[in-house]
Amino acid sequence: MSTPRDTVKTGPNGRPVRPFVMPASLPGKLRVWRYLLLRRAVQLGLLLLFLGTVRWGWEVAGRPLLSGNLSASELLGTIPMADPFAVLQIILTRHLPQPEVLTGAGIILLIYLILGGRSWCAWVCPINMVTDLAAWLRRRLGISDLFRLSRNIRYTVLALALALSALTGIAAFEWISPISMLHRELIFGIGLGWTAVLGVFLFDLFILRNGWCGHLCPLGAFYALVGKLAQVRIRFDTPTCTHCGECARVCPEPQVMNLKAASATGMIASGECTNCGRCITICPEDTLQFDLRHFINTRQKTDSTESRQRRAA
Amino acid sequence: MANMTTISRRDFFTRVAQGAALAATGGLIWSYLLQQQARATPFAIRPPGARYEPDFNARCIKCGQCVDACPYDTLKLATADAGIPIGTPYFIPREIPCYMCTDIPCIAACPTGALDPALEDIQGSRMGLAVIDIENCLSWQGLRCEICFRECPVQGWAITVEHHPRRLSKHAMFVPVVHSDACTGCGICEKACPTQEAAIRVLQPDLVQGMIGDHYRLGWTSDTPITREFKAGGATVDSDAPAAGLDYLNEGSP
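Reference entry: report on the structure contained in this document. (Residues numbered from 1 in each chain as written. Chains lettered and ligands numbered in written order. Predicted model: local features only at pLDDT ≥ 70, side-chain atom pairs only at ≥ 80, totals over all residues. Heavy atoms only, no water.)

This paragraph deals with the interface of chain A and chain B. On the chain B side, the residues contacting the 42 residues of chain A number 36 residues. When the two sides are added together, the surface that chain A and chain B hide from each other amounts to roughly 3,100 Å², 66% of it contributed by carbon and sulfur. Summed over the shared surface of chain A and chain B, the number is 14 residue pairs in polar contact (both at pLDDT 80 or more). Of the residues contributing to the side of chain A that touches chain B, the split by class is 22 nonpolar, 15 polar and five charged. (Contact = heavy atoms within 4.5 Å. Buried area = accessible area lost by both parts, 1.4 Å probe. Polar contact = N/O pair within 3.5 Å; in protein donor to acceptor, adjacent residues only side chain to side chain. Nonpolar A, V, L, I, M, F, W, Y, C, P; charged D, E, K, R; others polar.)

Here's what the structure looks like:
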């Protein structure tokens with residue numbers, strides 16, 4: 001920032017630092033928004049499938065298309081799916097649920113172990129649209145934080161949810177979750193659940209940037225732990241990066257954009273990364289791309305042996 | 001983590017206390033919210049096969065698959081303002097009662113077992129218990145109504161009509177009587193009741209049922225243990241065994 005405008009700043013790779021410029025053409029803009037649009041399509045599409053099945057009786061070959069909601073559902077009357085965090089809370093109340101929901105939780109856990117834990121947050125969770133709107137408005141209006149809060153507090157909330165489930169005999173988060181309230185009432189009939197959603201919106205807009213999703217939500221914390229092992233990660237190509245910092249500015253979880261750690265592992269390894277793809281589309285150097293942890297690791301290994309061999313030679 | 005070594009012991013304990021206090025106050029407020037909601041459970045009429053309320057509340061994942069499965073749109077999921085634990089299924093009998101499908105699709109749809117799959121016969125379900133307000137029941141005013149009796153799907157067991165003779169100038173009363181051993185709590189009677197506000201209502205049995213207590217021995221009923229003991233000649237018998245000597249008068253008769 002302190003460098004005068006006429007001198008060209010260069011990154012650690014010797015290339016000039018270029019800022020991100022929003023393309024003027026619509027196709028260019030759509031390219032930048034591609035993951036955003038895709039995420040909205042997935043979020044709204046899933047909501048529509050649930051809504052269509054319960055309200056308008058959508059069927060495929062005589063079987064209900066997608067019955068239930070994001071807490072637990074059944075695809076085509078055969079494949080069960082369930083929120084693994086909700087099922088974990090139920091188990092902690094010392095009630096062993098039926099195999100059906102245990103299988104469903106296993107299936108969803110497996111899906112997110114492949115797709116990257118917090119992909120749930122950016123691609124499926126209906127609250128994401130609310131908090132993204134709050135974050136966008138907040139940027140436009142230039143609102144500053146009312147106070148600071150550690151982003152690790154979500155793990156305390158997660159621990160509390162599990163402890164309270166065991167102590168009270170009630171799935172603690174499921175009984176107050178604004179996520180389920182919004183989702184359920186959109187599908188099964190509107191009540192006052194929107195007030196909880198309004199609370200999240202106002203909190204994110206006026207009180208704390210990314211307050212709910214980035215600091216408090218225990219479901220996000222749960223999926224962040226899943227994400228530590230998950231396959232789909234964002235690859236980081238060290239040689240192309242000019243350290244312009246655009247990715248960290250656009251990231252809803254900027255602490256994951258640790259470039260030192262990223263060049264060491266070749267990816268954004270933190271489970272707190274939501275795989276939203278904002279950094280991919282904003283990066284002027286195409287340094288960041290979706291990839292699988294497995295391929296990144298093998299490439300990183302061969303790269304490091306090659307460079308070692310080169311150094312030895 | 002790196003500056004951990006630079007924190008003084010005093011600071012460390014303060015941090016620990018602050019963290020613990022935050023978790024404790026947060027946890028307390030959170031558990032009050034849970035308790036407050038759980039307190040509303042007696043007012044929910046649950047789908048067939050719903051387990052005992054605390055077990056039901058623990059198991060229900062609030063997915064609404066029972067609501068999806070209900071062919072009569074009887075079941076609803078509680079919204080945040082329903083006054084019933086949030087997201088759980090319930091029904092309002094006066095609006096749409098349970099029509100007691102014999103295949104019980106709501107239980108089949110439940111993935112967690114909050115609705116107990118052990119219930120195979122819908123007549124065995126206990127969603128609630130019908131209670132009659134005799135001050136407002138038409139039959140108890142001496143009118144021939146008995147609509148609840150005639151609409152009852154367990155007619156003759158869950159609701160019977162008793163004949164109460166009165167003085168010569170008034171005709172006898174024919175009053176409905178509910179029997180808790182057969183009433184499923186489906187609420188069809190409440191839906192059918194012609195009074196402005198239903199004079200027969202379905203409530204959770206816990207709210208309305210008393211318990212006579214084991215120390216009462218009703219000697220005039222034939223199947224209580226004390227009666228069997230008496231009829232057996234005072235000897236203590238296994239209460240499940242058939243009472244000895246009941247038929248002694250008939251013995252030897254052709």
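What follows picks up the thread again.
With that out of the way, let us pick up the layout of surface pockets. When its volume is computed, the largest pocket comes out at roughly 1,000 Å³. Every residue lining the largest pocket is counted, 44 residues in all, and those nearest its centre are Leu36, Arg39, Arg139, Val250 and Arg278 of chain A. If you list the elements that add at least two residues to the lining of the largest pocket, you get helix H2 (34–55), helix H5 (119–124), helix H6 (127–141), helix H10 (211–216), helix H12 (246–250) and helix H14 (278–282) of chain A. For the lining of the largest pocket, the element with the highest residue contribution is H6 of chain A, accounting for 10 residues. When its volume is computed, the second largest pocket comes out at roughly 620 Å³. In terms of lining residues, the second largest pocket is bounded by 21 residues, among which Val157, Ile176, Trp212 and Leu216 of chain A together with Trp30 of chain B are the most central. For the lining of the second largest pocket, the elements supplying multiple residues, two or more each, are helix H7 (153–168), helix H9 (193–207) and H10 of chain A together with helix H1 (9–38) of chain B. Top element by residues in the lining of the second largest pocket is H1 of chain B. It accounts for six residues. A class-by-class count of the residues in the lining of the second largest pocket yields 18 nonpolar, three polar and no charged. (1 Å grid on protein atoms, 1.4 Å probe; cavity = no way out; pocket = protein on both sides within 12 Å on 5 of 7 lines; lining within 4 Å. Points joined across faces, edges and corners; volume = space filled by probe spheres on them. Helix = DSSP H or I, 4+ residues; strand = E, 2+ residues; numbered from the N terminus.)

All names here are of chain A. There is a patch of nonpolar side chains on the surface, built from Leu186, Ile190, Leu192, Trp194, Leu198, Leu202 and Phe206 and spanning about 660 Å² of accessible area. No other element matches H9, which puts four residues into the nonpolar patch. Assignment of secondary structure puts Leu186 in helix H8 (residues 178–188). (Patch = residues over 30% accessible without salt bridge, like charges linked within 9 Å, V, L, I, M, F, W, Y side chains within 5 Å. Areas by Shrake-Rupley, 256 points an atom, 1.4 Å probe, with all protein chains shown as cover. Salt bridge = Lys/Arg side-chain N within 4 Å of Asp/Glu carboxyl O.)

Function cannot be read off these values alone, since they describe shape.
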